[in-house]
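Analysis of the macromolecular model
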Amino acid sequence: MTPPPAHTTTAEAIAAADDRVRRPPAMSVGPVGWLRANLFSSWLNTAVTLVLAYLVVSWTLGLISWGVINAIWEVPGSGAQVDTSACRAARGEGACWALIGEKYRFILFGLYPFEEQWRPALVVAIFVALYVVSAMRRFWNRWLGLIWLVALAAIGVLMWGGVFGLRFVEQERWGGLPITLILSTFGIAFAFPLSILVALGRRQTSMPAVRALCVVYIELIRGVPLISLLFMASVMFPLFLPEGMNIDKLLRAQVAIILFAAAYLAEVVRGGLQALPKGQYEAADALGLSYWQKTGFIVLPQALRMVIPPLVNTFIGMFKDTSLVLIIGIFDLLNTAKTSIIEPAWQGFGVEAYLFVAAIYFVFCFAMSKYSQDLESEFNRHRRR
Amino acid sequence: MREAMARSETTVRSGIAAGAKPMIQLINVNKWFGALHVLRDVNLTVAERERVVVCGPSGSGKSTMIRCINRLESHQEGQIIVDGIELTDDLKNIDAIRREVGMVFQSFNLFPHLTILENCTLAPIWVRKMPKREAEALAMEYLTRVRIPEQAQKYPGQLSGGQQQRVAIARALCMRPKIMLFDEPTSALDPEMIKEVLDVMVELAESGMTMVVVTHEMGFARTVADRVVFMDRGEVVEVGPPGEFFANPKSERLKTFLSQILGH
């Protein structure tokens, strides 16, 4: 007697147990079956498929011809003496990637002193490392907070300098990718916990004052555009400060972004809190858990994982909304790209500059989106039977 | 099922010595949901080691009454005294009582994001401040008693309803409560799973736990209960030992109820 073979799925087990089970017709399964069912199921469907296929192919070929084959990768001269006539001649036919070669340092790091730009580059690397560490669940313990504090301090030291023999660089000269990452990373890192507190506060039926405060905060902040908050932070807020006192413009913008994002996130979190069955609260109460134990162990772990998609939606929106700080004269990534094509020699090459920063934005946003999908399937393991 | 329970009848009904220490006292308790008067002058005393079954038509206030005992609902008039502590708005008293009172719900209410073992150890570790290893040993002991130690590392969603309800009982017992409340523990179960849960409850009764059980399982009431309480429209209509309760119902309302519930 040989032991029965292990079957990975029920379907296989059934098939093995009964030899008379018929396979589905070959034309209805596999890639051929999929194509027949989805792309060529009727005459109309076939026609639409062929037209779309033609468009996709021709556009792709056009893009390759513009972006690679006919593209200008280098131009003679540099700085003020640059000769961009080759790029001008190729306009419409080929991309001028020479702009990126010439200007990428400015786009990435803005007006930061050229010879010191290894510092913001290192800051970007620290941010990426911070994201990677924070994304790994292995590090989700008390050390993570410490890692963030150390990273925050290191970023401050590197950007400002003035200690350890580093040259002091005033905040007005910072720019490019580090600004975008600072505003969005610390925006999310502070807005998220704040939003949880506000969402919990809004559900406090036993504390009407706390509840009213949270409602007023959410409705007020959500009711105005982010741009107006940034204007208030940059123009109005200093008027209320005592003479001679000055708070960093970047910090003011950062606070405005945190307050704005937290109001939106709070409503997302509240959605999760409301979706949690009442029985979960009651079971936690019946076991004698305190309010914060109940919230920390039972309510939030379940409520937050239910709202991962809208949370990440808001995070991604926030990441891109930081570009609005250009309105108050902060040189974030989008603003440096815009400024890089101001020189007469480079005017008119906006498509190339914006494609470059768009690619950078996309990498960060897509990474967030991909990570959230993984997190979701990981967290929802317990729902599997 | 009735046969299964008959075996324990002689051992279970040990009788409650007169003058035993009262564990739960409800004195003239009144409660309203908005304008709806859901508990009307409810008086009930449950002695230590006593097993009380509460029955009645739906909407009669029986669930509300036992939910008042651990303050999942608050009452507006009267007194509720549990283990010598009166339930008021004082959070300290509420917490103290909840530590001593275990509850099992109709819909199990296990925490779906935690494993069976974590469900059982969470409260002992954080409320009783028990060391983790000790809490896990205790949880395994109770999971063995409810006959599912092999499921400890699974998640609630992977278990059947009957298994989940037994875990819920083990989870409550891990707090080593003095009183156990059951709010229709078998009403959400498929018929073939009711017995496995009732068997666990019978064993618990045999161990001398003070129990208040809201249920429609009249077989359980007959064999396990020291007293059966009949509630209707927010009032306690009739209380008595099961023999008398089922054989000689005094009120018209109980007679109607029994004929409906036992008639088919």
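Rules used throughout
- Residues numbered from 1 in each chain as written.
- Chains lettered and ligands numbered in written order.
- Predicted model: local features only at pLDDT ≥ 70, side-chain atom pairs only at ≥ 80, totals over all residues.
- Heavy atoms only, no water.
- pLDDT = per-residue confidence, 0-100.
- Contact = heavy atoms within 4.5 Å.
- Pairing = 2+ DSSP bridges.
- Helix = DSSP H or I, 4+ residues; strand = E, 2+ residues; numbered from the N terminus.
- Buried area = accessible area lost by both parts, 1.4 Å probe.
- Salt bridge = Lys/Arg side-chain N within 4 Å of Asp/Glu carboxyl O.
- Polar contact = N/O pair within 3.5 Å; in protein donor to acceptor, adjacent residues only side chain to side chain.
- Nonpolar A, V, L, I, M, F, W, Y, C, P; charged D, E, K, R; others polar.
- Core = buried A, V, L, I, M, F, W, Y, C linked by side-chain atoms within 4.5 Å.
- Buried < 20%, exposed > 50% of the residue type's maximum accessible area, 1.4 Å probe, protein only.
- Axes fitted to C-alpha atoms, helices over the stretch in contact; angles between N-to-C directions.

What follows concerns the confidence of the model for chain B. For chain B, the average pLDDT comes to 87, and 92% of its residues sit at 70 or higher. Under a pLDDT of 50 for its full length, residues 1–15 of chain B has, in the predicted model, 31 contacts with residues more than four places off or in other chains.

Right, let's get into the pairing of strand 1 (residues 22–33) of chain B. Residue and element names in this part refer to chain B. One ladder, built from eight bridges, connects strand 1 with strand 2 (residues 36–47); its direction is antiparallel. Bridged to Ile-24 within strand 2 is Val-46. With five bridges connecting them, strand 1 and strand 4 (residues 77–82) associate as antiparallel partners. Residue pairing for strand 4: Leu-26 is matched across the bridge by Ile-80.

Our next topic: the interface of chain A and chain B. With 20 residues of chain A in contact, the opposing surface of chain B contributes 24 residues. Interface of chain A and chain B: buried area, both sides summed, is about 2,000 Å²; carbon and sulfur atoms make up 61% of it. Along the contact surface separating chain A from chain B lie two salt bridges. The salt bridge involving A:Glu282 is made with B:Arg67; its shortest N-O contact spans 2.5 Å. Between chain A and chain B we count six residue pairs in polar contact (both at pLDDT 80 or more) in total. Counting only elements with at least two residues in the side of chain A that touches chain B, the list comes to helix 12 (278–286) and helix 13 (291–306) of chain A. Considering only residue class, the side of chain A that touches chain B consists of eight nonpolar, six polar and six charged.

Ranked by internal contacts, the top residues of the largest apolar core, which has 72 residues, are A:Trp174, A:Leu177, A:Leu230 and A:Leu273. Ranked by the residues each element gives to this core, the list is headed by helix 11 (residues 249–275) of chain A, at 14 residues. In this structure, B:Val104, B:Ala152, B:Leu159 and B:Val228 belong to the second largest nonpolar core, which totals 53 residues.

Attention now moves to the sheet that holds strand 8 (residues 210–214) of chain B. All names here are of chain B. A sheet is described by the order of its strands in space; here six strands give the open sequence 6-7-8-3-9-10, paired in mixed fashion. The sheet is open, and its two edges are formed by strand 6 (101–104) and strand 10 (235–240), each paired on a single side. In this sheet, adjacent strand axes meet at a mean angle of 20 degrees when their direction is disregarded. Taken together, the four bridges between strand 3 (residues 51–55) and strand 9 (residues 227–232) define a ladder with parallel strand orientation. Counterpart to Val-52 in the pairing with strand 9 is Arg-227. Contacting strand 6 and strand 7 (179–183), helix 6 (residues 161–173) runs over the sheet at an angle of about 170 degrees to strand 6.

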